[in-house]
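# Remarks on the overall topology
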Amino acid sequence: MTDTPYYHCNGELVPATEATVSVDDRGFRYGDGAFETLRAYGGTIFEWDAHAERLEDTCEALGLDHGHSRAELAERINATLEANELEEAYVRLSITRGVQSGKLTPKPITEPTVVVAVKPLPRGGLEGVPVWDGPASMQTVKVRRIPDACLPAGAKTHNYLNGILARRELHDADEALVRDLEGYVAEGTTSNVFFVDEEGLHTPTTQVDVLPGITRRVVLECAEEAGIPVTEGWYRPVDVRQADEVFLTNTTWEIRPVALVDGIEFDTDAAPVTALLSRLYAERVEQACY
Ligand code: PMP
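## Observations concerning the domain arrangement of the protein chain
Taken domain by domain, the protein chain comprises domain 1 (6-120) and domain 2 (136-289). In this complex, domain 1 contributes 26 residues to the contact, which on the side of domain 2 involves 22 residues. Sorting the residues of domain 1 by area buried against domain 2 places F35, F46 and R54 first, and these three jointly supply 33% of that buried surface. Taken together, domain 1 and domain 2 are joined by 2 salt bridges. For R217, the salt bridge is made with E47, and the minimal N-O distance between the two is 2.7 Å. On inspection of domain 1 and its partner domain 2, the count reaches 7 residue pairs in polar contact (both at pLDDT 80 or more).

Written as structure tokens, this is what we have:
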């Protein structure tokens, strides 16, 4: 890692002090932007195609035609990793509709804002220390997930107010268990939820409004590979509380065990399915990136 972090800001690599966007940027004004959080392992972005595809889907949902190809975006990410001398990293790629005259109604984009930010993030891997500080504790919150009819559920936009309000409700927990309007478990605020019971592995179906996590998909593939029965269904918080094991997934945490749900404790040292899936996930990373 270099002493000064470098950002890729609108086509240029600049030191942190010069990495700025306009106060009139629509991403700042309205949250009118799309982003992806990615991870580089050994200098390679894990599941790049899946992230690029989700970004394209988000941009399509927002009608945000930024005009940059997948290859160009990958080049900018790689250049940023190189400039910061990083191989094991957290990467954030953000694209907004940029500065536009006028008010809310978006106009065709002339100059999108495209930013790549990276930070060191050592790999946990098969033997290393995972990035999360410890197992998660969860609390079912009152705030409900924004329905797909209001904001496309699969879109990863700059607008995280829903998750922020959910997190503000937390007392002795660090991730929210967020339900949809009908009371079905949807996801965490930045993660997908899984639990294990005597029938196997469960996670909310994407027919409930959830962000289709890329880690979620990889974990489902690992479970299938291991012959673990998987159900994608409709669940209530009580189903999660009564489970044998609970874990969360996202790109940065990978698989994060859960030790507490609404005050109910889970022994994360006796969670064989979580342990097996974590190993299979690490093997996937190993194969794909090293
Ligand atoms: N749900 C939400 C709301 C999220 O913000 C995230 C993080 N992007 C996830 C799920 C997990 O997605 P992924 O595995 O692609 O990081």
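## A short note on the site of the ligand
In the vicinity of the ligand lie 15 residues, with K156, Y160, E187, T215 and T251 positioned nearest. Taking I214, its main chain carries an N or O atom lying 2.8 Å from an oxygen atom of the ligand. T215 places a polar side-chain atom, nitrogen or oxygen, 2.6 Å from an oxygen atom of the ligand. Contact with the protein chains covers 94% of the free accessible surface of the ligand, which is 390 Å². Of all the secondary-structure elements, those providing two or more residues to the shell around the ligand are α5 (214-225) and β13 (245-250). Grouping the constituent residues of the shell around the ligand by class yields 3 nonpolar, 9 polar and 3 charged.

## Here's the deal with the packing of aromatic side chains
A complete count under the given rule lists 5 aromatic pairs for this structure. Between F35 and Y160, the aromatic rings sit 5.6 Å apart at their centres with planes inclined by 65°, giving edge-to-face as the arrangement. Linking F35 in strand β3 (residues 33-41) with Y160 in the loop between β7 (136-144) and α4 (161-168), this pair joins segments that are 125 residues apart in sequence. A residue is classified by how much of its surface remains accessible, and F35, at 5% relative accessible area, is buried. For the ring pair F195 and Y235, a centre distance of 4.9 Å and an interplane angle of 85° mean the geometry is edge-to-face. On the criterion of sequence distance, the pair formed by F195 in strand β10 (residues 192-197) and Y235 in the loop between β12 (230-233) and α6 (237-241) is long-range, its members being 40 residues apart. You'll find F195 and Y235 in the same group, each marked buried. Members of the aromatic cluster, connected to one another through ring pairs, are Y41, F46 and Y281. R92 extends its terminal NZ or CZ atom over the ring of F35, reaching a point 4.0 Å from the ring centre. Over the ring of W253 we find R256, and its NZ or CZ is 4.6 Å from the ring centre.

## Topic: helix α3 (residues 70-83)
Across its 14 residues, α3 extends 20 Å between first and last C-alpha, which sits within 8% of the 20 Å expected from 1.5 Å per residue. For α3, the set of buried residues is L73, A74, R76, I77, T80 and L81. Mapping the buried residues of α3 onto a view down its axis gives an arc of 160°, with all of them on the same face. In α3, the exposed residues that point more than 90 degrees away from the buried face are A71, E75 and E82.

## Remarks on the sheet that holds strand β5 (residues 89-96)
Read across the sheet, 6 strands follow the order β2-β1-β6-β5-β3-β4 without closing on themselves; strand pairing throughout is antiparallel. Sheet topology places β2 (12-15) and β4 (44-45) at the edges, where each strand pairs with a single neighbour. Direction of pairing for β3 relative to β4: antiparallel, over a ladder of 2 bridges. Among the inter-strand pairings, Y41 is bridged to a residue of β4, identified as T44.

How each quantity is defined
- Residue positions are counted from 1 within each chain, in the order its sequence is given.
- For a predicted model such as this one, the threshold for reporting local features is a pLDDT of at least 70, and the threshold for listing and counting side-chain atom pairs is 80 or more; totals across whole chains, interfaces and linings nevertheless cover every residue.
- Derived side-chain values reflect all non-hydrogen atoms in the structure, with water molecules and hydrogen atoms excluded from consideration.
- Domain start and stop positions are those given by an automatic or database domain assignment.
- Whether two residues are in contact is decided by their heavy atoms, any of which lying within 4.5 Å being enough.
- The buried area of a pairing is the accessible area, by a 1.4 Å probe, that goes missing from both parts when the two are put together, added over both.
- We define a salt bridge as a contact between a side-chain nitrogen of Lys or Arg and a carboxyl oxygen of Asp or Glu at a distance within 4 Å.
- In protein, a polar contact requires one atom able to donate a hydrogen and another able to accept it; more generally it is a pair of N or O atoms within 3.5 Å, and residues adjacent in sequence count only if both atoms are side-chain atoms.
- Whether a residue is near a molecule or strand depends on its heavy atoms: it is near if one of them lies within 4 Å of it.
- Only the protein chains shown count as cover for residues, and the accessible areas themselves come from Shrake-Rupley with a 1.4 Å probe.
- Comment: elements are numbered from the N terminus, with helices defined as DSSP H or I runs of at least four residues and strands as E runs of at least two.
- Basically, the charged four are Asp, Glu, Lys and Arg, the nonpolar ten are Ala, Val, Leu, Ile, Met, Phe, Trp, Tyr, Cys and Pro, and anything else, Gly included, counts as polar.
- Put simply, two rings from Phe, Tyr or Trp (the six-membered ring, in Trp's case) pair if the centres are within 6.5 Å, and we call them stacked under 30 degrees between planes, edge-to-face over 60, tilted for the rest.
- For the exposure calls, accessible area comes from a 1.4 Å probe over protein chains only, and a residue counts as buried if that area is under 20% of its type's maximum, exposed if over 50%, partly exposed in between.
- Any Lys NZ or Arg CZ found within 6 Å of a ring centre and within 35 degrees of that ring's normal is scored as a charge over the ring.
- What a helix is expected to span follows from its residue count: subtract one and scale by 1.5 Å.
- This arc corresponds to the set of directions leading from the helix axis out to the C-beta atoms.
- Strands were regarded as paired on the criterion that DSSP finds at least two bridges between them.

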